[in-house]
Amino acid sequence: MPTFRPGDPAAVNDLFEQIAPRYDRLNDLLSLGLHRIWKRQAIAWLAPAPGQRLLDLCCGTGDLAMLMAVRVRPGGTVLGVDRAAAPLRLARQRAARQPWLPLQWLQADALATGLADASVDGAVMAYGLRNLADPAAGLAELRRLLRPGGRAAVLDFNRSDSTGAAGRRTAALQRLLLRRLVVPVAAGAGLKEHYAYLEESLERFPTGAGQEALARAAGFAVARHRPLAGGLMGLLQLQAPCGTQRATQ
Ligand SMILES: C[S@@+](CC[C@H](N)C(=O)[O-])C[C@H]1O[C@@H](n2cnc3c(N)ncnc32)[C@H](O)[C@@H]1O
């Protein structure tokens, strides 16, 4: 049985290569379809507009990229970036069924995309930051890519602050759901270790306040973390400073 160590880029890549064919179905099943609402909430912060160039970092099979592509027409584009080949293949297949959507795909590392400074109007990263070996570096890359005043939304599981009673209760509920629902259901699909990784990755993920601090250190002018789904999920709303010509690293 493989084990997937959080923070090990090769192991994380293997994990997503392997789960790709069942990822979308399990997402719908395990969240009862709610991930679609959380993704729409992330996109709402960006308020996509026609003509914009938007980025979906760690795009997986392309859920957010496809939602945003509808909103940037006419004249805009959405670029989906992922390090793993298998989810990107599925994203391309989905996009091919709606060829009128202005979508592009790139296989690249979210920590070093190779894209130009200040080259996008807005960006999302859903369930990606927690998987990066260095979340601070991921936020710095996100900041580098945004034009002045550009917005980004980072959606992920929420690592509750366990210093208070409410945070400890949320963390306990999250553990219960992961251990009693998510991992057993995934085990039925032969993906027990792949989904056991979720709880481990959450343990090394910064809290909302920690993410805000990392984002400010990366140069974001606005960095606000909002709990979603009773604190089980979290949305980090970011905005680059206005009026600077280039992002700072
Ligand atoms: C949990 S999936 C999320 C996919 C999609 N954003 C969604 O919400 O449905 C995480 C994705 O991040 C990608 N990923 C992990 N580390 C990455 C990295 N360093 N650079 C680019 N993509 C990465 C994985 O390949 C995987 O497709």
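Residues numbered from 1 in each chain as written. Predicted model: local features only at pLDDT ≥ 70, side-chain atom pairs only at ≥ 80, totals over all residues.

## Some thoughts on the sheet that holds strand E5 (residues 146-157)
Paired through backbone hydrogen bonds, the strands of a sheet run either parallel or antiparallel to each other. Inclusion rule: Any two strands are treated as partners once DSSP identifies two or more bridges connecting them. By the criteria applied, helices consist of DSSP H or I runs no shorter than four residues and strands consist of E runs no shorter than two, each listed in order from the N terminus. Think of each axis as a best-fit line through the C-alpha atoms, taken over the contacting stretch in the case of a helix, with angles from 0 to 180 degrees between the N-to-C directions.
The seven strands lie next to each other as E3-E2-E1-E4-E5-E7-E6, forming an open sheet whose pairing is mixed. The open sheet is flanked by strand E3 (103-107) and strand E6 (222-228), the only strands paired with a single partner. For this sheet, the mean inter-axis angle between neighbouring strands, taken without regard to orientation, is 15°. Summarising the sheet, strand E1 (residues 53-57) and strand E2 (residues 77-82) pair through five bridges and their orientation is parallel. Bridge pairing in E2 links Asp56 to Gly80.

## Focus on the packing of helix H1 (residues 9-30) against helix H4 (residues 85-96)
The test is simple: Any angle that is under 35 degrees is reported as roughly parallel, and any over 145 degrees as roughly antiparallel; angles of 65 to 115 degrees are reported as roughly perpendicular and all others as oblique. Working definition of a contact: two residues with C-beta atoms, positioned from the backbone, lying within 7 Å. The classification used treats Ala, Val, Leu, Ile, Met, Phe, Trp, Tyr, Cys and Pro as nonpolar, Asp, Glu, Lys and Arg as charged, and all other residues, Gly among them, as polar.
It is the contact of H1 with H4, at a shortest axis distance of 7 Å, that shows an interaxial angle of 30°. In this view, H1 runs roughly parallel relative to H4, as classed from their interaxial angle. Residues Phe16, Glu17, Ala20 and Tyr23 of H1 lie in contact with H4, whose contacting residues are Ala85, Ala86, Pro87 and Leu90. Of the residues assigned to the contact of H1 with H4, the class counts are seven nonpolar, no polar and one charged.

## Structural notes on the site of the ligand
Test applied: For each residue, a C-beta atom is positioned from the backbone; the residue is called near a molecule or strand if that atom sits within 6 Å of it.
Near the ligand there are 19 residues, and of these Phe16, Cys58, Gly60, Ala84 and Ala126 occur at the shortest range. Sort the elements by how many residues they give to the shell around the ligand and H1 lands first, with three residues.

## Points about the environment of Leu67
Mapped onto the secondary structure, Leu67 falls in helix H3 (residues 63-72). Remark: the alpha-carbon pair of Leu67 and Arg40, spanning 27 residues in sequence, is separated by 8.1 Å. Discounting residues that sit within four places of it in the chain, Leu67 has contacts with Lys39, Arg40 and Ile43.

## Description of the nonpolar core
Note the cut-off: Joining buried Ala, Val, Leu, Ile, Met, Phe, Trp, Tyr and Cys residues through C-beta atoms within 7 Å gives a set, and that set is a nonpolar core. Exposure classification rests on a simple neighbour count of other C-beta atoms within 10 Å of a residue's own: a residue reaching 20 or more is buried, one at 12 or fewer is exposed, and one in between is partly exposed. C-beta atoms are placed from the backbone.
Membership of the largest hydrophobic core comes to 52 residues, with the highest contact counts inside it found for Ala42, Leu57, Ala65, Ala123, Val124, Met125 and Ala153. With six residues, H3 is the largest single contributor of residues to this core. Among all residues touching Ala42, those that are not within four sequence positions of it are Leu64, Val124, Ala126, Ala153, Leu155 and Leu235.

## Here's the deal with the packing of helix H6 (residues 165-188) against helix H7 (residues 192-203)
How we decide: By convention the crossing between two helices is left-handed if the near helix lies anticlockwise of the far one by an angle smaller than a right angle, and right-handed if it lies clockwise.
The interhelical angle for the contact between H6 and H7, taken along N-to-C directions, is 165°, at an axis separation of 8 Å. What the angle tells us is that H6 and H7 run roughly antiparallel. You can see that H6 and H7 cross each other, and the crossing is right-handed. Of the residues in H7, those in contact with Arg175, Leu178, Val182, Val183, Ala186 and Ala187 of H6 are Lys192, His194, Tyr195, Ala196, Leu198 and Glu199. Classifying every residue of the contact of H6 with H7 gives eight nonpolar, one polar and three charged.

## Some thoughts on the pairing of E3
Taken residue by residue, a regular strand's side chains alternate between the two faces of the sheet. To keep it simple, the criterion reads: When the strands point away from the viewer and the path from the first strand over the helix to the second turns clockwise, the crossover is right-handed.
As paired strands, E2 and E3 are joined by five bridges and run parallel to one another. Bridged to Leu79 within E3 is Gln104. Assessed by its sense of winding, the connection that carries the chain from E2 through H4 to E3 is right-handed.

## With respect to helix H5 (residues 135-145)
A large share of H5 lies buried, amounting to nine of its eleven residues. For H5, the set of buried residues is Pro135, Gly138, Leu139, Ala140, Glu141, Leu142, Arg143, Arg144 and Leu145. Buried residues along H5 sit in contact with E1, strand E4 (120-126), E5 and helix H8 (208-217).

So, to be careful, I would describe these as geometric facts and stop short of saying anything about function.
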